[in-house]
Amino acid sequence: MKNGYYKNAFKINDNQIVKVMRSKEGIANQTKDFETFNYQIGEKSAELLKNRSLKALVLILEEPDQFVCLPTSFILDKVLRKSYQGKNKDYQFKIKRDEQQLLLTVKGRNATQKSDIKKYEGDIHLRILK
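Now for a look at the structure at hand. (Residues numbered from 1 in each chain as written. Predicted model: local features only at pLDDT ≥ 70, side-chain atom pairs only at ≥ 80, totals over all residues. Heavy atoms only, no water.)

## Quick word on the sheet that holds strand β5 (residues 56-60)
Taken together, four strands build an open sheet; the order of strands is β1-β2-β5-β6 and the sheet is mixed. One side of each edge strand has no neighbouring strand; the edge strands of this open sheet are β1 (9-11) and β6 (67-71). Across the sheet, the mean angle separating the axes of adjacent strands is 25 degrees when strand polarity is ignored. As judged from the three bridges shared by β1 and strand β2 (residues 17-22), these two strands associate in the antiparallel manner. Among the inter-strand pairings, F10 is bridged to a residue of β2, identified as V18. (Pairing = 2+ DSSP bridges. Helix = DSSP H or I, 4+ residues; strand = E, 2+ residues; numbered from the N terminus. Axes fitted to C-alpha atoms, helices over the stretch in contact; angles between N-to-C directions.)

## Comments concerning the environment of K89
Secondary-structure assignment places K89 in the loop between α2 (72-78) and β7 (91-97). We classify K89 as partly exposed; its relative accessible area is 45%. The sequence separation of K89 and I41 amounts to 48 residues, and the corresponding C-alpha distance is 9.2 Å. Among residues more than four places away in sequence, those in contact with K89 are G42 and E43. (Buried < 20%, exposed > 50% of the residue type's maximum accessible area, 1.4 Å probe, protein only. Contact = heavy atoms within 4.5 Å.)

## A short note on the packing of aromatic side chains
Under the criterion given, the structure shown has one aromatic pair. Taking the centre distance of 5.6 Å and the plane angle of 25 degrees together, the rings of Y39 and F93 count as stacked. Highlighted residues: Y39 in strand β4 (residues 34-41) and F93 in strand β7, separated in sequence by 54 residues. (Phe/Tyr/Trp six-rings, centres within 6.5 Å; stacked < 30°, edge-to-face > 60°.)

## Considering the pairing of β2
The antiparallel hairpin formed by β1 and β2 contains five residues in its connecting segment. As paired elements, β2 and β5 share five bridges and run parallel to each other. Among the inter-strand pairings, M21 is bridged to a residue of β5, identified as L59.

## Considerations on helix α1 (residues 43-50)
Listed as buried for α1 are S45, A46, L48 and L49. For α1, the angular spread of the buried residues around the axis is 160 degrees, confining them to a single face. One or two steps after α1, the chain reaches R52, where phi turns positive at roughly 65 degrees. (Arc of directions from axis to C-beta.)

In structure tokens form, the structure reads like this:
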């Protein structure tokens, strides 16, 4: 699906659509030894997530075999909050990783929220409906 709001979205089956997002290469922070991947969700993509038209975001870290798949409910809970919305009506967040941690960080108006994604490993499943 390449047109309009569904740019970079793929149909898994007739009912389920996921959006794939790519970051620029991970930027290593020499002082803390982690890589940072930046992502941005535009207003139109945010509406698709809020309406549950998209079932998940697949965030490619570097190579296509290194990715994080986050379901819509997780994105709505952790990223798409009104207080996290930027000046341009978009939502920006980062994935930071090192050998032990995989953190999702979102800057809000008053604070930065960090969520350890690795603790959900094996617990978050994208359920494919038939």
